[in-house]
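Summary of structural features
Here's the letter readout for the chains.
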Amino acid sequence: MNAEHVLRCLLMLCFALFSANASNWLYLAKLTSVGSIANEETCERLRGLIQRQVQICKRSIEVMDAVRRGAQLAIDECQFQFRNRRWNCSTLESMPVFGKVVTQGTREAAFVYAISAASVAFAVTRACSSGELEKCGCDRTVHGVSPEGFQWSGCSDNIAYGVAFSQSFVDVRERGKGQSSSRALMNLHNNEAGRKAILSHMRVECKCHGVSGSCEVKTCWRAMPPFRKVGNVIKEKFDGATEVEQRKVGTAKALVPRNSQFKPHTDEDLVYLEPSPDFCDRDPRTPGMLGTVGRQCNRTSKAIDGCELMCCGRGFQTEEVQLVDRCSCKFHWCCYVKCKQCPKTVEMHTCR
Ligand SMILES: *[C@@H]1O[C@H](CO)[C@@H](O)[C@H](O)[C@H]1NC(C)=O
Ligand SMILES: *[C@@H]1O[C@H](CO)[C@@H](O)[C@H](O)[C@H]1NC(C)=O
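Cut-off values and rules
- Residue numbers run consecutively from 1 along every chain, following the written order of its sequence.
- Think of it this way: whatever chain is written first is A, whatever ligand is written first is 1, and the rest follow in order.
- In keeping with the model being predicted, local features are shown solely for residues with a pLDDT of at least 70 and side-chain atom pairs are shown and tallied solely at 80 or more, while totals for entire chains, interfaces and linings include all residues.
- Side-chain calculation: all heavy atoms of the structure are included, whereas hydrogens and water are not.
- Here a pair means two rings of Phe, Tyr or Trp (six-membered ring of Trp) with centres within 6.5 Å. Their orientation is stacked below 30 degrees between planes, edge-to-face above 60, and tilted elsewhere.
- By definition, being over a ring means that NZ of Lys or CZ of Arg is both within 6 Å of the ring centre and within 35 degrees of the ring normal.
- A pair is scored as a salt bridge if a Lys or Arg side-chain nitrogen falls within 4 Å of a carboxyl oxygen belonging to Asp or Glu.
- Secondary structure elements follow DSSP: runs of H or I of four or more residues count as helices, runs of E of two or more count as strands, with numbering from the N terminus.
- Each residue is assigned to one of three classes by its accessible area relative to the maximum for its type, calculated with a 1.4 Å probe on protein chains only: buried under 20%, partly exposed between the two thresholds, exposed over 50%.
- Orientation is described by axes fitted as lines to C-alpha atoms, over the contacting stretch for helices, and by angles from 0 to 180 degrees between their N-to-C directions.
- In these notes the angle categories are as follows: under 35 degrees is roughly parallel, over 145 is roughly antiparallel, 65 to 115 is roughly perpendicular, and the rest is oblique.
- Left-handed describes a crossing in which the near helix is turned anticlockwise from the far one by less than a right angle; the clockwise case is right-handed.
- Residues count as neighbours in contact if any of their non-hydrogen atoms are within 4.5 Å of one another.
- Residues were grouped as follows: Ala, Val, Leu, Ile, Met, Phe, Trp, Tyr, Cys and Pro as nonpolar; Asp, Glu, Lys and Arg as charged; and all remaining residues, including Gly, as polar.
- Two joining distances apply to patches: 9 Å for like charges and 5 Å for nonpolar side chains (Val, Leu, Ile, Met, Phe, Trp, Tyr), and every residue must have over 30% relative accessible area and no salt bridge.
- Computed with a 1.4 Å probe, the accessible areas rest on the Shrake-Rupley method; for each residue, only the protein chains presented here act as cover.
- The criterion for a residue being near a molecule or strand is simple. One of its heavy atoms has to lie within 4 Å of it.
- Polar contact criterion, stated in full: a pair of N or O atoms within 3.5 Å, where within protein one must be able to donate a hydrogen and the other to accept it, and residues adjacent in sequence count only if both atoms are side-chain atoms.
- For two strands to be treated as a pair, DSSP must find no fewer than two bridges joining them.

1. Concerning the packing of aromatic side chains
Counted under the stated rule, the structure contains 10 aromatic pairs. Between Phe 150 and Trp 152, the ring centres sit 5.0 Å apart and the planes meet at 80°, which makes this aromatic pair edge-to-face. Through successive ring pairs, a cluster of aromatic residues spans Phe 82, Trp 87, Phe 98, Phe 111, Phe 238 and Phe 279. For Arg 107, the ring lying beneath its charged end belongs to Phe 238, and the centroid distance is 5.9 Å.

2. As for the pattern of salt bridges
Side chains that differ in charge, positive against negative, can pair when their charged atoms come close. Evaluated as defined, the whole model comprises 17 salt bridges. Ionic pairing is found between Lys 235 and Asp 239, a salt bridge with its closest N-O pair at 3.7 Å. Taken together, the residues span about one helical turn, with Lys 235 and Asp 239 both in helix H8 (residues 227-239) at a distance of four residues. Overall, Lys 235 belongs to the buried group, its relative accessible area being 15%. Across the pair Arg 258 and Glu 243 runs a salt bridge, and its minimum N-O distance is 3.2 Å.

3. Let's talk about the packing of helix H5 (residues 107-129) against helix H6 (residues 159-171)
Following both chains from N to C, one finds H5 and H6 inclined at 135°, their axes separated by 8 Å at the closest point. It follows that H5 is oblique to H6 by the angle criterion. For H5 against H6, the interelement crossing comes out right-handed. Along its contact with H5, which presents Ala 117, Val 120, Ala 121, Val 124, Thr 125 and Cys 128, the element H6 presents Ile 159, Tyr 161, Gly 162, Val 163, Phe 165, Ser 166 and Val 170. The residue makeup of the contact of H5 with H6, split by class, is 10 nonpolar, three polar and no charged.

4. What about a nonpolar patch on the surface?
Taken together, the side chains of Phe 331, Trp 333 and Val 337 make up a nonpolar region of the molecular surface, amounting to roughly 440 Å² of accessible area. Secondary-structure assignment places Val 337 in strand E9 (residues 336-351).

5. Quick notes on the site of ligand 1
Surveying the vicinity of ligand 1 reveals the residues Gln 79, Asn 88, Leu 290, Gly 291 and Arg 295. Separating an oxygen atom of ligand 1 from a side-chain N or O atom of Asn 88 is a distance of 2.3 Å. Within the contact set of ligand 1, an oxygen atom lies 3.2 Å away from a backbone nitrogen or oxygen of Gly 291. Surface burial for ligand 1 is 53%, taken as the share of its 360 Å² of free accessible area covered by protein chains. Within the shell around ligand 1, the residues separate by chemical class into one nonpolar, three polar and one charged.

6. Some details on the site of ligand 2
Close to ligand 2 lie Asn 298, Thr 300 and Ser 301. In this structure, Asn 298 approaches ligand 2 through a side-chain N or O atom, which is 2.3 Å from an oxygen atom. Taken by itself ligand 2 offers 360 Å² of open surface, and the protein chains cover 26% of this.

7. Some remarks on the sheet that holds strand E2 (residues 203-209)
The three strands lie next to each other as E1-E3-E2, forming an open sheet whose pairing is mixed. Each edge of the open sheet is held by one strand with a lone partner, namely strand E1 (151-152) and E2. Here E2 runs beside strand E3 (residues 217-223); their pairing, made up of seven bridges, is antiparallel. Within the sheet, the bridge partner assigned to Val 204 lies in E3 and is Arg 222.

What follows is the structure, encoded as structure tokens:
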């Protein structure tokens, strides 16, 4: 190995370490000790932010509580979407937030980046609409009477503001020295795909005004989809994600499908660089790699939540558990429903 090789290795290691922490701003969700992020000094004390995010924090202090809500939203949605998979998006109480599981360029990492970039755009946009911020409010550019004859309310969701904030705050982690590395390109692509999951599912919501619910006057506004919908869209993209590699295209570097027979991915698709591990076994050297021992599984399912796949062929245990159900519910005039509590026995299967 000559000097140049050594230097290159060092630089790559350096970038690997930097990149390994790239989603750690999600640690904001864990900061129960910090009350509201109300002054610039708090920004310095927030763990998980890189220096340039600390600067954004100071400049945009009033937005930071929304960013923190966004981090929580991302974690909750990830856990919901992955509840039946071997890797269930469990978080650690320390950094890195998801353990080392998503520090490699896998599909799971692609999902985490997309959902986090989307969640910040979503939470900030919500905060704008609710009137809690001085920097932004409703999107009033959509106004007047629509061709369909309804009245725009003048308070549409300001998704442009939320997206721009997400681009500056989330993407800044990739815009450092390693910008043309394949991992930075992957992260930036998936961040953008996450935000697109909101942008391409914006809808029109309306309210009727008039005597006893008649719709004499209808006012409408452009609204974001519910975040569950955004999670579903990104999960679908996860299932159909494209494995890519970095190539020189002209003078620039770009990510292209590893298998040239596959059609190229669009801006809305997720991309990944490395195949995922099987997530079957606990690995004490990899924080967050919990394995599937003790996980619940479904005996009749042939999918990944089924005992065969979830338990990686190790088999499972069956237990009878007592649950209490609401039953024989009766409606009482007026107006409440009274139910009995009925015990019921169900079988629960857990992986060996
Ligand atoms: C994920 O699975 C682990 C066991 O592998 C379990 O301890 C944990 O509670 C699960 N987390 C969630 C969020 O379901
Ligand atoms: C188990 O899987 C079957 C087949 O996919 C499904 O119909 C059933 O609802 C599942 N049961 C539970 C408890 O999720």
